[in-house]
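# Architecture and fold: a report
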Amino acid sequence: MRFLPVNLDALLIELEDLDETLALLDSLNGDPLPGVLELIPAARTILVSFMPSRTNARAIRENIAGRSLGRVTRGDGVLVELPVRYSGEDLAEVGTLLGVTPEEVIALHTGRDYTVAFTGFAPGFAYLAGGHPALDVPRRATPRTRIPAGAVGLAGTFSGVYPQASPGGWQIIGVTDVPMWDLNREVPALLQPGFRVRFRDAGAGAAVDPIITGAASGTVAAPAAAHTITAPARSAAAVLEVLTPGMQTLFQDLGRPGQARQGVSAAGALDRRSLRAANRLVGNDPAAPTLEIVYGGLSVRALLPVVLAITGAEAGALITAESGHTRTAGPGVPFALAAGESLELSAPTRGLRSYLAVRGGFAVQPVLGSASTDTLARVGPEPVAAGDTLHARVEAGPRSSVDAGYDPGPSYPAAGEIVELDVVLGPRTDWFTPAAVAALAEQEWTVTPQSNRVGLRLAGETALEREITHELPSEGTVVGSIQVPASGQPVLFLADHPLTGGYPVIGAIAPHHLDLAGQIPIGARIRFRPITRFTEDQS
């Protein structure tokens, strides 16, 4: 057992194999550690995120090192039987790889129950382990650009079902019509860690419903109302009409932590400090939904008198009355719009993202407890579009106190400028050559136009060379992770990053610099400043 640093509030536990991983996960679920926020299991690792105010990495290591890894409780009694039409385009090739007929592949796949070992890759995607040992096939040499939703695939000893159409390299042997991810269910992900899965050959017949046994009421298929962009109700009023949405305008709050079991990351605002500040300026709960606006360009018209505030990137705003008279509004100061007046945000001179709050808070139907839009997982409201009508909540009780002492914090970078970010080395620093670890900190990295809410794609003069070159089994990642693909040019993961990743992470941005990372514009340059040495503990 190895304990590897991930960040100041996370560590990675590496184990011998999947059985040990599931045994430790079972132990941690049965006897939770105080201060631990979330566990993200993978094939040979468990990512542990914790609250530094309640515990620390040393206490977690000492507790876990003394636990037995000898017994696994297989799930909570839930068995999901999935009908499959075994007509996948790789079925014959899988048979050739294994030296058996396609019919024998089907018999092997349906002959044993699987267990949901862990989730990741996409919401609702479950890695299924425990099938017949003969079903061990490599991923395709060239991944497909599109695999349809419901495709049943094999990779290594794992089986899985694609919850949505996406690229992928698994060997496709069939398809099921049963949705793996459905927001109209109380629990959108059909398969949860610990569930058992049985595949049934449905032949070429019509779609067949799954058979679910042992599920507690509401665990799998209780219906819920479909989500919408806004939630007009008696407690909400239409306050703004969107004239132009700018490059990208999204609803964001503090995200949806605690959904790792469904393969969903926390997401949320990239500059959480600015979101909280905007809400405080208008007297809202600091966690209320706001609009996150990239590079300005948003214009809205007030349908009712409203009070607004803008924070984040250094960008001004122009207010135009129906008479044509104009005035300006700056960041960090609440201001009022009369009905009929319009507001247009200018492009920022520093930073990237602005946050617009409305008094009362935007009325947005939450998805999995959050109004945030996760652009990678496609969870949450759609981006704001021209013609949308935005609603705000009408509060019946006393309003929170207004924060008149707005502190803009450190200056954000402009394109072409250098920004320094503190880095915690690990968990896979030792996969890189000493020269690569030195180059991470010694050279400047330019933010490329391919960057987005998933991550900042960086370009440096010297690519980071790996010392260990074999494939890394997918493992949990945190926001701020600096993942290094085969090109050697890093990707700095932001809020919409994938829950798990298969490229080694050389380090992670320290938590106190994550908001700053979310404000770095294209063309700016980054210098990484390691604040820890890479160390590992073994047990």
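Keep in mind the model is a prediction, meaning the values are calculated, not measured.

### Considerations on the overall build of the chain
- Tallying secondary structure elements over the chain gives seven helices and 35 strands in all.
- A compact globule built from 539 residues would reach a C-alpha radius of gyration of about 24 Å, and the chain, at 25 Å, matches this within 12%.
- Across its three principal directions, the C-alpha atoms of the chain cover 80 × 55 × 45 Å.
- Taking the contacts inside the chain whose residues are at least 6 apart along the sequence as the reference set, 76% of them involve residues at least 24 apart.
- Accessible surface, the chain as shown: approximately 22000 Å² in total, 52% of it carbon and sulfur.
- Counting 41 positive and 54 negative side-chain charges, the chain places the averaged centre of each group 3 Å from the other.

### What about the packing of aromatic side chains?
- What the rule picks out here adds up to eleven aromatic pairs.
- A ring pair is formed by Tyr114 and Phe199, whose centres lie 5.6 Å apart and whose planes are at 80 degrees; its orientation type is edge-to-face. Of the two residues, Tyr114 is situated in strand β6 (residues 114-119) and Phe199 in strand β13 (residues 196-201); the sequence distance between them amounts to 85 residues. Pair check on accessibility: Tyr114 and Phe199 agree, each one buried.
- Ring geometry for Phe125 against Tyr127: centres 5.1 Å apart, planes inclined by 75 degrees, an arrangement best described as edge-to-face. Of the two residues examined, Phe125 and Tyr127, each falls in the buried class.
- Aromatic ring contacts, followed pair by pair, group Phe118, Phe121, Phe125, Tyr127, Phe158, Tyr162 and Trp170 into a single cluster.

### Observations regarding the pairing of strand β7 (residues 126-129)
- Neither face of β7 is left uncovered, since the one carrying Ala126 and Leu128 and the one carrying Tyr127 and Ala129 both have all their residues buried.
- By the bridge criterion, four bridges tie β6 to β7 in an arrangement that is antiparallel. Pairing of Val116 across the sheet is with Leu128, part of β7.
- With antiparallel pairing between neighbouring strands as the criterion, β6 and β7 make up a hairpin whose turn holds six residues, including Gly120 at a positive phi of roughly 155 degrees.

### A short note on the pairing of strand β24 (residues 350-358)
- Within β24, eight of the nine residues are buried, which leaves the element mostly enclosed by the surrounding structure.
- Here four bridges tie strand β17 (residues 290-294) to β24, and the two strands are oriented antiparallel to one another. By the bridge assignment, Val294 is partnered in β24 with Arg353.
- By the bridge criterion, six bridges tie strand β19 (residues 306-314) to β24 in an arrangement that is antiparallel.

### Here we look at empty space enclosed by the protein
- Throughout the structure, instances matching the rule amount to two cavities of 30 Å³ or more.
- The calculated volume of the largest cavity comes to roughly 50 Å³.
- Lining the largest cavity, in full, are Val6, Pro427, Glu475, Gly476, Thr477, Val478, Ser481 and Val505.
- A per-class count over the lining of the largest cavity returns four nonpolar, three polar and one charged.

### What about the layout of surface pockets?
- Taken as a whole, the second largest pocket spans an internal volume of roughly 890 Å³.
- Every residue lining the second largest pocket is counted, 35 residues in all, and those nearest its centre are Asp9, Ala266, Arg272, Val479 and Leu514.
- Taken together, the elements giving at least two residues each to the lining of the second largest pocket come down to β3 (36-41), β4 (45-50), α5 (272-281), β31 (491-493) and α7 (514-517).
- For the lining of the second largest pocket, a count of residues per class yields 22 nonpolar, seven polar and six charged.

### Details of the sheet that holds strand β2 (residues 10-14)
- The strand order across the open sheet built from five strands is β3-β4-β2-β1-β35, with neighbouring strands paired in antiparallel fashion. Unpaired on one side and paired on the other, β3 and β35 (537-538) mark the two borders of the sheet.
- Bridge analysis of β2 against β4 gives five bridges, and the strand direction is antiparallel. Paired with Glu14 across the strands is Thr45, a residue of β4.

### Quick word on unusual backbone geometry
- The amide bond that connects Gly426 to the next residue, Pro427, takes the cis arrangement and shows omega of 0 degrees.
- Relative to the helices and strands, Pro427 resides in the loop between β26 (418-425) and α6 (434-442).
- Unlike most non-glycine residues, Phe121 shows phi in positive territory, near 70 degrees.
- Inspection of the secondary structure assignment puts Phe121 in the loop between β6 and β7.
- The class of Phe121 is partly exposed, set by a relative accessible area of 36%.
- Positive phi values are uncommon outside glycine, yet Tyr295 reaches one of about 60 degrees.
- In this structure, Tyr295 sits in the loop between β17 and β18 (298-302).

### Thoughts on the pattern of salt bridges
- For the structure shown, the criterion picks out 27 salt bridges.
- A salt bridge links Arg144 to Asp90, with the shortest nitrogen-to-oxygen separation between them at 2.7 Å. Here Arg144, found in strand β8 (residues 144-147), pairs with Asp90, found in the loop between β5 (79-84) and α3 (91-98); they are 54 residues apart in sequence, far enough to count as distant.
- Taking the relative accessible area as the measure of exposure, Arg144 reaches 16% and is therefore buried.
- Residue Asp90 is classed as buried on the basis of its relative accessible area of 1%.
- The residue Glu292 makes a salt bridge to Arg353 at a minimum N-O spacing of 3.8 Å. Taken together, the positions of Glu292 in strand β17 and Arg353 in strand β24 put the pair 61 residues apart, joining distant regions of the chain. One exposure class covers both Glu292 and Arg353, and it is buried.

### A short note on the nonpolar core
- Among the nonpolar cores identified, the biggest contains 41 residues, and Leu421, Leu464, Leu492, Ile526 and Phe528 are the most heavily contacted of them.
- Ignoring sequence-local partners within four residues, the contact set of Ile526 consists of Val419, Leu421, Gln443, Glu444, Trp445, Val447, Leu456, Leu458, Leu492 and Ile520.

### Some remarks on the sheet that holds β31
- With respect to topology, seven strands assemble into a closed barrel ordered β26-β33-β30-β31-β28-β27-β34, the strand pairing being mixed. Here the strands of the sheet are splayed against their neighbours by 40 degrees on average, with no regard to which way each runs.
- The pairing of strand β27 (residues 445-447) with strand β34 (residues 525-530) spans two bridges and is antiparallel. Bridging across to β34, Trp445 finds its partner in Ile526.
- On the sheet, α6 packs against β26, β27, β33 (505-509) and β34 and is oriented at approximately 120 degrees with respect to β34.

About the criteria used
- Residues numbered from 1 in each chain as written.
- Predicted model: local features only at pLDDT ≥ 70, side-chain atom pairs only at ≥ 80, totals over all residues.
- Heavy atoms only, no water.
- Helix = DSSP H or I, 4+ residues; strand = E, 2+ residues; numbered from the N terminus.
- Rg over C-alpha atoms; globule rule 2.2 N^0.38 Å.
- Contact = heavy atoms within 4.5 Å.
- Areas by Shrake-Rupley, 256 points an atom, 1.4 Å probe, with all protein chains shown as cover.
- Lys, Arg positive; Asp, Glu negative; His and termini not counted.
- Charge placed at Lys NZ, Arg CZ, Asp CG, Glu CD.
- Phe/Tyr/Trp six-rings, centres within 6.5 Å; stacked < 30°, edge-to-face > 60°.
- Buried < 20%, exposed > 50% of the residue type's maximum accessible area, 1.4 Å probe, protein only.
- Pairing = 2+ DSSP bridges.
- 1 Å grid on protein atoms, 1.4 Å probe; cavity = no way out; pocket = protein on both sides within 12 Å on 5 of 7 lines; lining within 4 Å.
- Points joined across faces, edges and corners; volume = space filled by probe spheres on them.
- Nonpolar A, V, L, I, M, F, W, Y, C, P; charged D, E, K, R; others polar.
- Salt bridge = Lys/Arg side-chain N within 4 Å of Asp/Glu carboxyl O.
- Core = buried A, V, L, I, M, F, W, Y, C linked by side-chain atoms within 4.5 Å.
- Axes fitted to C-alpha atoms, helices over the stretch in contact; angles between N-to-C directions.

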